[in-house]
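Understanding the architecture of this molecule
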Amino acid sequence: MKRLISIIQALPCITISNEKYYKFSDLLKCLSDKECNMVEVEDFILTPYYISGGRRLELYEYELNVLADGEQCVEDYLLALTGKQSIQDIPGNIVQTKKQCYMLFDRNRSKIDASQLIGYLRFVLTNSDVQNQANNCFGSFDADNLYFEID
């Protein structure tokens with residue numbers, strides 16, 4: 001079984017201001033091509049960017065948080081993130097987006113199903129809000145300009 005960080009580090013990257021950025025499409029292709037359905041992970045945050053013409057747009061609202069189970073359920077995460085007292089106080093579209101951008105893995109096994117990561121990557125690549133943000137900032141959208149950094 002491959003470690004996710006090893007898979008990512010084997011991908012081509014671009015470096016801007018000493019930060020490495022990897023293409024969403026490269027990771028999607030790599031995870032889709034793997035025969036293994038599970039990848040080894042540790043806690044990480046994957047932050048998406050739209051990069052074009054040397055300019056970057058951070059898409060922080062689509063940041064993927066992957067944590068060991070027992071850390072925080074998605075509802076507690078949403079409440080802490082928004083400062084709200086109840087899930088009902090959070091707009092439905094924000095709840096749906098954040099549920100796509102939050103994953104827990106089994107702490108004892110340190111594994112996550114690759115299909116969960118593939119689902120997240122496809123969600124961001126096809127998201128109309130991401131496309132609109134890129135259009136507003138850059139005048140166009142090309143899915144090949146979606147990158148991420150990982151912490």
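Scroll up a little and you will see the structure.
I will try to describe carefully the structure that is included in this document.

Rules used in this analysis
Residues numbered from 1 in each chain as written. Predicted model: local features only at pLDDT ≥ 70, side-chain atom pairs only at ≥ 80, totals over all residues. Heavy atoms only, no water. Helix = DSSP H or I, 4+ residues; strand = E, 2+ residues; numbered from the N terminus. Rg over C-alpha atoms; globule rule 2.2 N^0.38 Å. Buried < 20%, exposed > 50% of the residue type's maximum accessible area, 1.4 Å probe, protein only. Contact = heavy atoms within 4.5 Å. Areas by Shrake-Rupley, 256 points an atom, 1.4 Å probe, with all protein chains shown as cover. Lys, Arg positive; Asp, Glu negative; His and termini not counted. Charge placed at Lys NZ, Arg CZ, Asp CG, Glu CD. Salt bridge = Lys/Arg side-chain N within 4 Å of Asp/Glu carboxyl O. Arc of directions from axis to C-beta. Polar contact = N/O pair within 3.5 Å; in protein donor to acceptor, adjacent residues only side chain to side chain.

1. Regarding the overall build of the chain
Of the regular secondary structure elements, the chain holds six helices and nine strands. The C-alpha atoms of the chain give 16 Å as radius of gyration, which agrees with the globular expectation for 151 residues (15 Å, within 12%). Principal axes of the C-alpha set define a box for the chain whose edges measure 40 × 40 × 25 Å. Looking at the 151 residues of the chain, the share that counts as buried comes to 40%. Taking all contacts inside the chain whose residues are at least 6 apart in sequence as the whole, residues at least 24 apart take part in 68%. In the structure as shown, the chain presents an accessible area of about 8,200 Å², 43% of it carried by carbon and sulfur atoms. The average position of the 15 basic charges and that of the 22 acidic charges among the side chains of the chain differ by 4 Å.

2. Thoughts on the pattern of salt bridges
One pass over the full model with this rule turns up two salt bridges. In this structure, E42 and R3 form a salt bridge, with 3.6 Å as the shortest nitrogen-oxygen distance. Here R3 lies in the segment before α1 (4-9) and E42 lies in the loop between β3 (38-40) and β4 (44-52), a separation of 39 residues in the sequence. A relative accessible area of 36% places R3 in the partly exposed class. Here D144 ties to K23 by a salt bridge, and the two come within 2.9 Å at their closest N and O atoms. Within this pair, whereas D144 is found in the loop between α6 (128-138) and β9 (146-150), its partner K23 is found in strand β2 (residues 19-23), the two being separated by 121 residues in sequence. Its relative accessible area of 35% is what places D144 among the partly exposed residues.

3. Looking at helix α4 (residues 92-100)
Of the positions making up α4, those classed as buried are V95, T97 and K98. With its buried residues spanning 165° around the axis, α4 presents them on a single face. Residues N93 and Q96 are exposed on α4 and point more than 90 degrees away from its buried face. Looking at the buried positions of α4, the neighbouring elements they touch are α3 (74-82), β7 (102-105) and α5 (114-125).

4. Some details on the environment of D76
Mapped onto the elements of the fold, D76 is located in helix α3. Residue D76 is classed as partly exposed on the basis of its relative accessible area, which comes to 41%. Considering only alpha carbons, one finds D76 and G119, 43 residues apart in sequence, at a separation of 22 Å.

5. A closer look at α6
Within α6, burial applies to V130, Q133, A134 and F138. Down the axis of α6, the buried side of the element spans an arc of 100°, and every buried residue falls inside it. Residues of α6 that are buried sit in contact with β4, β5 (55-58), α5 and β9. Between a side-chain oxygen at the N-terminus of α6 and the backbone nitrogen of D129 the separation is 2.8 Å; the capping residue is N127.

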